[in-house]
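# Structural description and commentary
Chain residues, written in single-letter form:
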Protein chains: 2
Amino acid sequence: MNLKEKLAGLNEKGCTLTIQRHAVLEYLYLNRTHPTVEKIYHSLKKKFSTISKATVYNTLELLKNYGLIQEITIEKGKLHFDYEVKPHHHFFCRRCNHVYDVDVVGCPLAGKKMIDGHRIEELRPYIIGTCSKCLKKRG
Amino acid sequence: MNLKEKLAGLNEKGCTLTIQRHAVLEYLYLNRTHPTVEKIYHSLKKKFSTISKATVYNTLELLKNYGLIQEITIEKGKLHFDYEVKPHHHFFCRRCNHVYDVDVVGCPLAGKKMIDGHRIEELRPYIIGTCSKCLKKRG
DNA sequence: TCTTGACTTAGAATTATTCTAATGTTAGAT
DNA sequence: ATCTAACATTAGAATAATTCTAAGTCAAGA
């Protein structure tokens, strides 16, 4: 879904479209590198010198609750965010700490609503390892 | 793998088997509830009043690096640990914050060594939702 | 017994996130 | 256009989780 559609969706649901919210969503739209909160905050700070961390956290939480972005808990102690919400796997490189999208077909959980009596609301299929770039550097 | 086997394995690899390391591993062996570091620390504190958080963190890291336990990053900002290292899915209930084991068959990643040129070293298939107990309480 | 290296400890430091109270902004009613 | 009430943002403080540090402990080998 493109940026305009997501912004329009927010508006329709009665959510005030502030400049900060627009900026956070746009940042994620333009930067598909699964940035951390820290990264998002510092990047936005350049354009909006008064933006506060609380706003960044609040906005990310809000956008997540509207289902417009995805929260990633793949790295210990740090949150990453992803503009793309369609279910897909994430790969975390323990050398360079980068988060990659990976395509895995045939996941038996796809489309499932329940498991063992628990209601499935979100899938977070994470893979940890060493990425191709780092492997080239020193196996 | 049972506790004795894991302890013996540690010993064979030249790792000193201190009382603290024994206690941490045994705690995880006896408590299969995917406890947080906090929970582990406080529980051990009752028996070993002088055990320090640093030791708990160091030990968990060490046991993880020996492949004897598994680290779980399913809950934002908190680490959970699991005695069981055989690949299996985890379900996190966003109401009660409990981590459940769930059995998912037919995962296409099972046994895979590489994906998109990245080396797979660990699978962390997480599912988020509302658990059966919480659903019974209030839908 | 002495030395060395590895381990543990208490608490300080750091990092990530959440909270708070004051201020600013918005949209609807007038 | 102005007022107002609700909502949003801000800076910085507070909290929570984790890591670091320096001193002390322990165990094995010389």
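Worth saying up front: this structure is predicted, and the values here are computed from it rather than measured. Counting starts from 1 at the beginning of each chain's written sequence and moves along it residue by residue. Written order decides the labels, with chains lettered from A and ligands numbered from 1. In view of the model being predicted, local features appear only for residues whose pLDDT reaches at least 70, and side-chain atom pairs are presented and counted only at 80 or more, with totals across whole chains, interfaces and linings using the full set of residues.

Let us look at the interface of chain A and chain B. Note: interface size is frequently given as the accessible area lost on complex formation between the parts. By definition, residue pairs are in contact when their C-beta atoms, positioned from the backbone, come within 7 Å. Every contact between the two is made by 33 residues of chain A and, on the other side, 33 residues of chain B. Looking at the side of chain A that touches chain B, the elements that each hand over two or more residues are strand S4 (99-102), strand S6 (118-130) and helix H5 (132-138) of chain A. Gly falls in the polar group here, along with every residue not listed as nonpolar (Ala, Val, Leu, Ile, Met, Phe, Trp, Tyr, Cys, Pro) or charged (Asp, Glu, Lys, Arg). Class assignment for the residues of the side of chain A that touches chain B results in 19 nonpolar, eight polar and six charged. When DSSP locates at least two bridges between a pair of strands, those strands are taken to pair. Starting at the N terminus, helices and strands are each numbered in turn, a helix being any DSSP run of H or I of at least four residues and a strand any DSSP run of E of at least two. Across 11 bridges, S6(A) lies against strand S6 (residues 118-130) of chain B in antiparallel orientation. Residue pairing across strands places A:Thr130 opposite B:Arg119, the latter belonging to S6(B).

Each nonpolar core reported here comprises buried Ala, Val, Leu, Ile, Met, Phe, Trp, Tyr and Cys residues connected via C-beta atoms within 7 Å. Partly exposed residues are those falling between the two cut-offs: more than 12 but fewer than 20 other C-beta atoms within 10 Å of their own, whereas 20 or more means buried and 12 or fewer means exposed, with C-beta atoms placed from the backbone. Membership of the largest hydrophobic core comes to 41 residues, with the highest contact counts inside it found for A:Val24, A:Phe92, B:Val24 and B:Phe92. With sequence-adjacent residues up to four places away left out, B:Phe92 is seen in contact with B:Ile74, B:Glu75, B:Val99, B:Tyr126 and B:Ile128.

Residue and element names in this part refer to chain A. Tracing the chain through its elements places Leu79 in the loop between strand S1 (70-72) and strand S2 (80-82). Taking the number of C-beta atoms within 10 Å as the measure of exposure, Leu79 has 19 and is therefore partly exposed. Linking Leu79 and Val105, residues 26 residues apart in sequence, is a C-alpha distance of 26 Å.

The criterion for a residue being near a molecule or strand is a backbone-placed C-beta atom within 6 Å of that molecule or strand. Neighbouring DNA strand C are 24 residues, the closest being A:Ala54, A:Leu79, B:Thr18, B:Gln20 and B:Thr55. Mapped by element, the contributors of at least two residues to the surface near DNA strand C are helix H3 (37-47) and helix H4 (53-65) of chain A together with helix H2 (19-30) and helix H4 (53-65) of chain B. With five residues, H4(B) is the largest single contributor of residues to the surface near DNA strand C. For the surface near DNA strand C, the per-class residue count stands at eight nonpolar, 11 polar and five charged.

A separate point is the packing of H2(B) against helix H3 (residues 37-47) of chain B. Residue and element names in this part refer to chain B. Running from amino to carboxyl end, H2 crosses H3 at an angle of 120°, the nearest separation of the two axes being 11 Å. Between H2 and H3, the interaxial angle falls into the category oblique. The handedness of the crossing between H2 and H3 is right-handed. Residue-level contacts link Ala23, Val24 and Tyr27 of H2 to Ile40, Ser43, Leu44 and Lys47 of H3. For the contact of H2 with H3, the residue count by class is five nonpolar, one polar and one charged. An axis is simply a line fitted to the C-alpha atoms; with a helix, the fit covers only the stretch in contact. Between two such axes, the angle follows the N-to-C directions and lies from 0 to 180 degrees. Oblique is the label for every angle not falling under 35 degrees (roughly parallel), over 145 degrees (roughly antiparallel), or within 65 to 115 degrees (roughly perpendicular). Throughout, a crossing is termed right-handed when the near helix is turned clockwise from the far one, and left-handed when it is turned anticlockwise from it by less than a right angle.

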